[in-house]
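Take a look at the letters that make up each chain.
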Amino acid sequence: MKTMFCRRGGGGYGAVLVLTICIVLLYWFIYGGGDGNGPVRSSLDIKPMDISSHNAINARQIPDGRARDCKKIEYDLNSLPRASVLLHVTNQDRVTVLTSVLSILDKTRTPPQLLLELLLVYHHVSEDVLNYLENDTKKLQKVHLVEIKRETDMTTKSKLMAAMGVAKGDVLVFLDADVECNVGWLEPILAKIAKNDKIVAVPVKDTIDSLSYKYETSSRPVKTIFSWDLQLAYFEVTFKELANVRSEKELLTTPAMTGTAFAIAKKHLSTITKFPFDDSLELSFILWHCGWELRLVPCSKIGALGAYELSKIPVQHTMGKVAELWLGDYKKIFYSIREDIEQKTYKDELKQLTQLKETLQCKTFDWYLKNVASDIPVPTSDAFMFGQMKTEAGNLCFQVVISQVLEGLHHCNPIQEGSILHFGKNGQIKHKDTCVTFQGQNYVVMTPCDSKDKNQIWSLNSEKQLKLQSDDYCITHNTDPDDDKKGRQVLMAQKCLTSNDNGVGFQKWHFTHALKKR
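A quick note: this is a predicted structure, and the numbers were derived from the prediction, not measured.

Criteria and thresholds
- Residues numbered from 1 in each chain as written.
- Predicted model: local features only at pLDDT ≥ 70, side-chain atom pairs only at ≥ 80, totals over all residues.
- Heavy atoms only, no water.
- Disulfide = S-S within 2.5 Å.
- Helix = DSSP H or I, 4+ residues; strand = E, 2+ residues; numbered from the N terminus.
- Buried < 20%, exposed > 50% of the residue type's maximum accessible area, 1.4 Å probe, protein only.
- pLDDT = per-residue confidence, 0-100.
- Contact = heavy atoms within 4.5 Å.
- Salt bridge = Lys/Arg side-chain N within 4 Å of Asp/Glu carboxyl O.
- 1 Å grid on protein atoms, 1.4 Å probe; cavity = no way out; pocket = protein on both sides within 12 Å on 5 of 7 lines; lining within 4 Å.
- Points joined across faces, edges and corners; volume = space filled by probe spheres on them.
- Nonpolar A, V, L, I, M, F, W, Y, C, P; charged D, E, K, R; others polar.
- Core = buried A, V, L, I, M, F, W, Y, C linked by side-chain atoms within 4.5 Å.
- Axes fitted to C-alpha atoms, helices over the stretch in contact; angles between N-to-C directions.
- Parallel < 35°, antiparallel > 145°, perpendicular 65-115°, else oblique.
- Left-handed = near helix turned anticlockwise from the far one by under 90°.

## Remarks on the state of the cysteines
Counted according to the given criterion, the structure contains four disulfides. The disulfide partner of Cys-70 is Cys-299, and the gap between their sulfur atoms is 2.0 Å. Taking the torsion about the S-S bond as the criterion, the Cys-70 to Cys-299 disulfide, at about -75°, is left-handed. Of the two residues, Cys-70 is situated in helix H3 (residues 68-71) and Cys-299 in strand S12 (residues 293-305); the sequence distance between them amounts to 229 residues. Residue Cys-435 pairs covalently with Cys-449 via a disulfide, S to S 2.1 Å. Measuring handedness by torsion sign, the sulfur bridge of Cys-435 and Cys-449 sits at about 100° and is right-handed. Of this pair, Cys-435 sits in strand S18 (residues 434-437) while Cys-449 is found in the loop between strand S19 (445-448) and strand S20 (458-460), placing the two residues 14 residues apart along the sequence.

Given below as structure tokens:
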């Protein structure tokens with residue numbers, strides 16, 4: 001009702017009054033009506049001040065997001081290893097942290113006999129955060145505070161190093177403090193590691209709305225991949241991958257992880273922490289190259305605040321070092337994209353890594369691309385533009401469909417199959433063995449590449465238009481003229497417009513990456 005009221009306010013002074021009232025109501029709704037206890041979202045159904053007086057820890061009610069096959073599994077709890085859960089606090093608000101704590105301690109979600117301890121790990125938090133951590137956890141069994149005393153930021157490696165000295169469990173579960181564990185989240189993780197302790201288990205994330213705190217279950221698992229500028233991205237597990245597993249409870253491969261939530265056998269930490277690394281992408285490369293496996297565990301579900309928002313993806317800070325230590329010959333792609341990063345040798349780290357790789361018989365990056373990250377596209381050797389084509393005016397990316405027409409996507413995705421194009425120095429725009437082809441003032445289509453076909457040779461002019469070299473036609477984002485296609489967005493060849501013409505923005509193109517100095 002409040003939403004509809006805000007949308008239908010009238011004009012003039014009435015609109016200003018309505019907007020003011022809406023802002024006040026929204027502020028009251030989010031921040032708990034001014035009770036002095038900070039941001040208390042009404043949908044949480046908990047009062048932070050009451051937590052340490054609870055005899056029985058009960059988290060709020062959320063939907064059980066597990067698949068049917070997962071709910072049928074009965075675990076022998078006595079045969080599973082016990083876990084230390086390390087919850088990393090970095091100035092999250094009180095309700096967010098306590099929601100995480102409650103969800104871990106709730107006996108209906110986490111079997112008590114499997115939880116050895118809950119360690120609240122903090123680093124450079126504010127005084128207010130430290131106060132509520134100390135006050136609200138005094139009477140909670142199994143809960144302990146751990147401070148990481150470092151001058152620099154807390155990295156993925158520093159989390160592992162801190163755990164080695166304090167955690168007692170056979171399996172260590174690392175969680176950020178903005179997650180909420182669902183029913184039966186821990187058992188499938190421990191069962192997979194008990195069966196194969198080289199598995200690093202990653203729960204599947206559901207989304208918790210950043211404003212309303214509504215818990216929303218995910219329809220398909222989402223894996224973490226990387227782009228060639230060595231930053232992380234999310235990508236839904238494809239139907240092809242799901243078809244290759246026997247049931248919805250089977251493990252799935254993820255080429256990388258963000259570090260938000262993962263579990264690892266403690267016995268391997270001493271070896272892994274010998275590697276020179278800082279961020280989660282580096283750790284992902286170490287694991288896959290040197291004998292471990294990163295696997296999504298679909299039966300383990302946790303919610304994460306704004307789970308798949310771009311702002312939630314951790315920034316990788318050591319891309320140059322990662323390129324030098326791990327990419328091999330593929331580092332040329334990285335440096336052609338990131339010209340701003342100076343190429344260095346990293347002699348000490350390289351020597352240390354080389355020795356570890358020999359000892360552990362680590363595999364090459366080429367093996368990793370072919371066997372683990374095969375859906376991450378590699379630009380062709382002659383490409384000077386690579387990735388998705390996005391129109392300036394429509395802000396759409398395009399993909400090749402079965403009819404070989406290029407059709408608009410609702411959302412751009414860095415590894416969306418069918419949308420990755422390679423613009424070569426010879427003027428051809430390729431997708432696999434087909435090229436963008438002019439066929440008169442009509443649809444632009446994909447046909448088998450032929451270097452002698454002048455209708456496949458394009459140039460990118462100073463106006464960012466993709467112009468046919470042999471004629472005055474440009475690739476144009478247009479609404480499909482076929483009424484039966486119901487407004488489908490397509491690419492067509494139309495007369496090139498000048499910079500002052502209306503609609504010229506639909507002829508201006510950007511590729512994901514410009515590749516130079518290769």
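## Side note on unusual backbone geometry
Phi at His-124 is positive, roughly 55°, even though this residue is not glycine. Judged by relative accessible area, which is 48%, His-124 ranks as partly exposed. One non-glycine residue, Leu-230, lies in the positive phi region at around 60°.

## Overview of the confidence of the model for the protein
In the predicted model, the protein carries a mean pLDDT of 85, and the fraction of residues at 70 or more is 87%. Throughout residues 1-56 the model reports pLDDT below 50, and contacts reaching past four residues in sequence, or to other chains, amount to 56 contacts.

## Some thoughts on helix H6 (residues 156-166)
Burial in H6 covers these residues: Thr-156, Lys-157, Ser-158, Lys-159, Leu-160, Ala-162 and Ala-163. Here the buried face of H6 lies against strand S1 (83-89), strand S4 (171-176), strand S11 (261-265), helix H9 (269-272) and helix H10 (280-289).

## Some points on the pattern of salt bridges
Scanning the model with the defined rule gives 20 salt bridges in all. The salt bridge involving Glu-241 is made with Lys-223; its shortest N-O contact spans 2.9 Å. Placement of Glu-241 in helix H8 (residues 239-243) and of Lys-223 in strand S8 (residues 222-226) is noted, with a sequence separation of 18 residues between them. Taking relative accessible area as the criterion, Glu-241 reaches 23% and is therefore assigned partly exposed. Among the salt bridges present, the one from Asp-278 reaches Lys-321, with a minimum N-O distance of 3.7 Å. In this pair, Asp-278 is assigned in the loop between H9 and H10 and Lys-321 in helix H11 (residues 319-326), connecting sequence segments 43 residues apart. A single network of salt bridges, built from pairs that share partners, joins Arg-60, Arg-109 and Glu-180.

## Section: H10
H10 sits mainly inside the fold: 10 of its 10 residues count as buried. Among the residues making up H10, those that are buried are Ser-280, Leu-281, Glu-282, Leu-283, Ser-284, Phe-285, Ile-286, Leu-287, Trp-288 and His-289. The first or second residue beyond H10 is Gly-291, which carries a positive phi of 110°.

## What about empty space enclosed by the protein?
Using the criterion set out here, one finds four cavities of 30 Å³ or more in the structure. A volume near 130 Å³ is recorded for the largest cavity. Forming the walls of the largest cavity are 16 residues, and the residues nearest its centre are Val-202, Pro-203, Lys-205, Thr-224 and Thr-258. Elements with a contribution of two residues or more to the lining of the largest cavity: strand S6 (199-208) and S8. Looking at the lining of the largest cavity element by element, the count peaks at four residues for S6. Residue composition of the lining of the largest cavity, grouped by class: 10 nonpolar, five polar and one charged.

## Structural notes on the environment of Thr-318
For Thr-318, the location among the structural elements is in the loop between S12 and H11. Sequence spacing of Thr-318 and Glu-282 is 36 residues, and the spatial spacing of their C-alpha atoms is 8.6 Å. Filtering out sequence-adjacent residues up to four positions away, Thr-318 remains in contact with Asp-278, Asp-279 and Glu-282.

## Considering the nonpolar core
By size, the foremost hydrophobic cluster in this structure holds 69 residues, and its most contacted members are Phe-226, Leu-230, Phe-285 and Trp-326. Broken down by element, the residue count for this core peaks at six residues, all from H10. Those residues within four positions of Phe-285 in sequence are excluded, and the remaining contacts are Phe-226, Val-322, Trp-326, Leu-327, Phe-365 and Tyr-368. In this structure, Tyr-122, Leu-175, Ala-201 and Val-297 belong to the second largest nonpolar core, which totals 40 residues.

## Some remarks on the packing of H10 against H11
The interhelical angle for the contact between H10 and H11, taken along N-to-C directions, is 15°, at an axis separation of 11 Å. It follows that H10 is roughly parallel to H11 by the angle criterion. Of the two possible hands of crossing, H10 and H11 adopt the one that is left-handed. Taking contact as the criterion, the partners of Glu-282, Phe-285, Ile-286 and His-289 in H10 are, on H11, Lys-321, Val-322 and Trp-326. When the residues that make up the contact of H10 with H11 are grouped by side-chain class, the tally is four nonpolar, one polar and two charged.

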